[in-house]
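Breakdown of the fold
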Amino acid sequence: KQEVTQIPAALSVPEGENLVLNCSFTDSAIYNLQWFRQDPGKGLTSLLLIQSSQREQTSGRLNASLDKSSGRSTLYIAASQPGDSATYLCAVRLNAGKSTFGDGTTLTVKP
Amino acid sequence: DGGITQSPKYLFRKEGQNVTLSCEQNLNHDAMYWYRQDPGQGLRLIYYSQIVNDFQKGDIAEGYSVSREKKESFPLTVTSAQKNPTAFYLCASSGREVNQPQHFGDGTRLSIL
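Summarised in this report is the structure supplied together with it. (Residues numbered from 1 in each chain as written. Chains lettered and ligands numbered in written order. Predicted model: local features only at pLDDT ≥ 70, side-chain atom pairs only at ≥ 80, totals over all residues. Heavy atoms only, no water.)

1. Some remarks on the interface of chain A and chain B
For interface size, the figure often reported is the accessible area lost on association. If you look at the interface, chain A gives 22 residues, while chain B gives 24 residues. Roughly 1800 Å² is buried in total at the junction of chain A and chain B, and carbon and sulfur atoms are behind 51% of that figure. When the buried surface of chain A facing chain B is broken down by residue, A:Arg93, A:Lys98 and A:Phe101 rank first, second and third, together holding 25% of it. There are 1 salt bridge connecting chain A and chain B. (Contact = heavy atoms within 4.5 Å. Buried area = accessible area lost by both parts, 1.4 Å probe. Salt bridge = Lys/Arg side-chain N within 4 Å of Asp/Glu carboxyl O.)

2. Remarks on the layout of surface pockets
Of the pockets and cavities examined, the largest pocket occupies roughly 450 Å³. Breaking the lining of the largest pocket down by element, the ones donating at least two residues are strand S1 (4-7) and strand S10 (99-101) of chain A together with strand S5 (43-51) of chain B. When the residues that make up the lining of the largest pocket are grouped by side-chain class, the tally is 5 nonpolar, 7 polar and 6 charged. Roughly 390 Å³ of internal volume is contained in the second largest pocket. Of all the elements in the fold, those that place two or more residues in the lining of the second largest pocket are strand S9 (86-93) of chain A together with strand S9 (87-94) of chain B. The biggest single contributor to the lining of the second largest pocket is S9(A), with 3 residues. Split into classes, the residues belonging to the lining of the second largest pocket amount to 7 nonpolar, 9 polar and 4 charged. (1 Å grid on protein atoms, 1.4 Å probe; cavity = no way out; pocket = protein on both sides within 12 Å on 5 of 7 lines; lining within 4 Å. Points joined across faces, edges and corners; volume = space filled by probe spheres on them. Helix = DSSP H or I, 4+ residues; strand = E, 2+ residues; numbered from the N terminus. Nonpolar A, V, L, I, M, F, W, Y, C, P; charged D, E, K, R; others polar.)

3. A few points about empty space enclosed by the protein
Counted by the stated rule, this structure contains 1 cavity of 30 Å³ or more. Of the volumes computed, that of the largest cavity is approximately 30 Å³. Looking at the largest cavity, the residues that line it are A:Asn32, A:Gln34, A:Phe36, A:Ala91, A:Arg93, A:Ser99, A:Phe101 and B:Gln102. Sorting elements by how many residues they give to the lining of the largest cavity places strand S4 (residues 32-38) of chain A first, with 3 residues. Its residues assigned to classes, the lining of the largest cavity comprises 3 nonpolar, 4 polar and 1 charged.

4. Digging into the packing of aromatic side chains
The tally for this structure, following the rule as stated, stands at 8 aromatic pairs over all chains. Pairing B:Tyr33 with B:Tyr35 gives two aromatic rings, centres 6.3 Å apart and planes at 25°, and the pair type is stacked. Both residues of the pair, B:Tyr33 and B:Tyr35, belong to the buried class. Each member of the aromatic cluster is reached from another via a ring pair, and the members are A:Phe36, A:Phe101, B:Tyr33, B:Tyr35 and B:Phe104. Geometry around B:Phe74 places B:Arg68 over its ring, the cationic atom sitting 6.0 Å from the centre. (Phe/Tyr/Trp six-rings, centres within 6.5 Å; stacked < 30°, edge-to-face > 60°. Buried < 20%, exposed > 50% of the residue type's maximum accessible area, 1.4 Å probe, protein only. Lys NZ or Arg CZ within 6 Å of the ring centre and 35° of its normal.)

5. A short note on the state of the cysteines
Applying the stated criterion across every chain yields a total of 2 disulfides over all chains. Residue pairing for A:Cys23: its cysteine sulfur links by disulfide to A:Cys90, the two sulfurs lying 2.0 Å apart. Disulfide A:Cys23-A:Cys90: the torsion about the S-S bond is 80°, which places it as right-handed. Taken as a pair, A:Cys23 in strand S3 (residues 19-25) and A:Cys90 in strand S9 lie far apart in primary sequence, 67 residues in all. Across a sulfur-sulfur distance of 1.9 Å, B:Cys23 and B:Cys91 are joined as a disulfide pair. Around the S-S axis, the bridge from B:Cys23 to B:Cys91 shows a dihedral of about -75° and counts as left-handed. Pair noted here: B:Cys23 is in strand S3 (residues 19-25) and B:Cys91 is in strand S9, with a separation of 68 residues, a long-range link. Residue B:Cys23 shares its accessibility class with B:Cys91, and that shared class is buried. (Disulfide = S-S within 2.5 Å.)

6. Points about the sheet that holds strand S8 (residues 72-77) of chain A
Residue and element names in this part refer to chain A. Pairing within the open sheet is antiparallel, and its 5 strands lie in the order S1-S3-S8-S7-S6. Each having just a single partner strand, S1 and strand S6 (56-59) make up the two edges of the open sheet. Neighbour-to-neighbour, the strand axes of this sheet turn through a mean angle of 15°, independent of strand direction. Two strands pair when backbone bridges link them, and S3 and S8 are joined in this way by 6 bridges, in the antiparallel orientation. Directly across from Ser-24, in S8, lies its bridge partner Arg-72. (Pairing = 2+ DSSP bridges. Axes fitted to C-alpha atoms, helices over the stretch in contact; angles between N-to-C directions.)

7. Here we look at the pairing of strand S4 (residues 31-37) of chain B
Residues and elements named next belong to chain B. The element S4 is extensively covered by neighbouring structure, given that 7 of its 7 residues are classed as buried. Burial along S4 is two-sided: the face carrying Ala-31, Tyr-33, Tyr-35 and Gln-37 and the face carrying Met-32, Trp-34 and Arg-36 are both buried. Judged from the 7 bridges that link them, S4 and S9 form a sheet pairing that is antiparallel. Paired with Trp-34 across the strands is Cys-91, a residue of S9. With 6 bridges connecting them, S4 and S5 associate as antiparallel partners. By the bridge assignment for S5, Tyr-35 is matched with Leu-45. Two successive antiparallel strands, S4 and S5, enclose a turn made up of 5 residues, where Gly-40 displays a positive phi of approximately 70°.

As structure tokens, then:
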């Protein structure tokens, strides 16, 4: 059974700091990995999608990497801002129907 | 604007009552999904549908039912058999191919009266 772990569960940083969020998974037979952002009481907003054949994807200040063989992905946020405060979730796609989600990392960026 | 609309935003269920959560998408996506999120936890899959008139159970389907009569719509019914229905329910959709990203609605928060 695929398990997805996100460590740490919560992270607090001062504004302007670069930071890394971690996502690990137990079964490397995945199709892709998707990073999401969730604001309190809201749905999920897709940030980046990395296919299993790719090593990384970039969007603005965000960079996500994937190492399938070791079962790890990282989300790098450059020059963090208070508006980046949210919960970040990763999800691995197992087949056409199923994805397994981590429990998320709650990020607080202090002004 | 293309997107996924979930309604209502808040819903209250009485003992023994069935309630239905609405999910509509105008993204022309073939696949649709229902997830449940409990506080501080990730999402768990309830049901998914890859094509009209077909759907599959997810990991926690007991006490829930769905239908997929139209491509745009995937309603979820929380039946009285679901003894712990209080949660945040999220609907998602994606293209049929496995390499397509999932897109989410804004969720429905269900509570027991």
